[in-house]
Amino acid sequence: MTFAPNPTDRVTKYFSYFSMMPVGYGNLFPFITALLSIVVLLLLLVRTKKAYNGCAVRVCLSICILMSLLSWLLFNSVSIVGVCVFALHIIVLVLQNITVHE
C-alpha cells in the first residue's frame with residue numbers, strides 16, 4: 001500500500017496476505033486469495049481418487065487468479081511476492097487441468 005504523509009512524499013508499506021490492514025482500506029482481494037489458497041491446499045490434500053474431477057480446485061484457483069488481478073488493477077498493489085503467488089496459482093491450475101484430463 002502506498003501512503004502519502006505529505007503532498008511530495010510517498011511511503012510504500014507491504015503487508016501479509018492475512019493482514020487486516022489492506023482489508024481496513026477496502027482491499028479485500030489479498031485476504032480472499034489467501035483464504036482460497038488454503039481451501040485449495042486442503043482440497044488437494046484430502047481428495048479421493050474415486051470420482052475426483054477437481055472442479056472445486058479449478059474454481060477456487062480461478063477466483064484466486066482473478067482476485068490477484070483485481071487487486072493489482074484497482075489498488076495498484078503489484079509486488080514481487082504477489083507476482084510469484086499469481087504465477088504459482090497459474091501453474092497449479094495448468095497442472096490440475098492436465099492431471100484431470102488424463
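Scroll up to find the structure this text is about.
Note that the structure is a prediction, hence the values are computed from the model and not measured.

Enquirer: Provide a residue-level description of the layout of surface pockets, including the pertinent values.
Expert: By volume, the largest pocket is sized at about 550 Å³. Lining the largest pocket we find 25 residues, and of these M1, Y14, F15, S77 and S79 sit closest to its centre. Elements with a contribution of two residues or more to the lining of the largest pocket: β1 (2–3), α2 (29–46), α3 (55–75) and α4 (80–101). Here the lining of the largest pocket gets four residues from one element, more than from any other, and that element is α3.

Enquirer: Requested: an account of the packing of α2 against α3, with residues and values cited.
Expert: Running from amino to carboxyl end, α2 crosses α3 at an angle of 160°, the nearest separation of the two axes being 9 Å. With respect to α3, the axis of α2 lies roughly antiparallel. Regarding α2 and α3, the two cross each other, and that crossing is left-handed. Listed contacts from α3 to F29, P30, I32, T33, L36, S37, V39, V40, L43 and L44 of α2 are A56, V57, C60, L61, I63, C64, M67, S68, L70, S71, L74 and F75. Here the residues of the contact of α2 with α3 sort into 18 nonpolar, four polar and no charged.

Enquirer: Which residues make up the packing of aromatic side chains, and what are the values?
Expert: Here the structure, examined in full by the defined rule, presents three aromatic pairs. Geometrically, the ring pair formed by W72 and F86 is tilted, given 5.0 Å between the ring centres and 55° between the ring planes. Taken together, the residues W72 in helix α3 and F86 in helix α4 connect sequence positions 14 residues apart. For the residue pair W72 and F86, the accessibility class agrees, reading buried in each case.

Enquirer: Describe the state of the cysteines, and please don't skip the residues or the numbers.
Expert: Tallied over the entire structure, the rule returns zero disulfides. Summary of cysteine pairing: C84 is not part of a disulfide, and the nearest cysteine sulfur, belonging to C64, is at 16 Å.

Conventions adopted
Numbers given to residues run from 1 along each chain, matching the order in which its sequence is written. Only residues with pLDDT of 70 or above have their local features reported here, since the model is predicted, and side-chain atom pairs are shown and tallied only from 80 upward, although totals for entire chains, interfaces and linings are computed over all residues. Neither water nor hydrogens contribute to the side-chain values; these are computed over all heavy atoms in the structure. Using protein atoms alone on a 1 Å grid, points that fit a 1.4 Å probe yet trap it form a cavity, whereas open point sets bounded by protein on both sides within 12 Å along at least five of seven lines form a pocket; residues with an atom within 4 Å of a point count as lining. Grid points are joined across faces, edges and corners, and a volume is the space filled by probe spheres set on the points. Numbering of helices and strands runs from the N terminus, with a helix taken as a DSSP run of H or I at least four residues long and a strand as a DSSP run of E at least two residues long. To define axes, lines are fitted to C-alpha atoms, for helices over the stretch in contact only, and angles between the resulting N-to-C directions are given on a 0 to 180 degree scale. Here the angle decides the label: under 35 degrees means roughly parallel, over 145 means roughly antiparallel, 65 to 115 means roughly perpendicular, and every other value means oblique. A clockwise turn of the near helix away from the far one marks a right-handed crossing, whereas an anticlockwise turn of less than a right angle marks a left-handed crossing. Only heavy atoms matter for contacts: two residues are in contact if any of them lie within 4.5 Å across the pair. Residue polarity follows a fixed list, in which Ala, Val, Leu, Ile, Met, Phe, Trp, Tyr, Cys and Pro are nonpolar, Asp, Glu, Lys and Arg are charged, and the others, Gly among them, are polar. Working definition: rings of Phe, Tyr and Trp (its six-membered ring) pair if their centres are within 6.5 Å, and the pair is stacked with planes under 30 degrees apart, edge-to-face with planes over 60 apart, and tilted otherwise. Only protein chains enter the accessibility calculation, which uses a 1.4 Å probe; a residue is then buried when its area is under 20% of its type maximum, exposed when over 50%, and partly exposed in between. In this description, a disulfide is simply a cysteine sulfur pair whose atoms lie within 2.5 Å.

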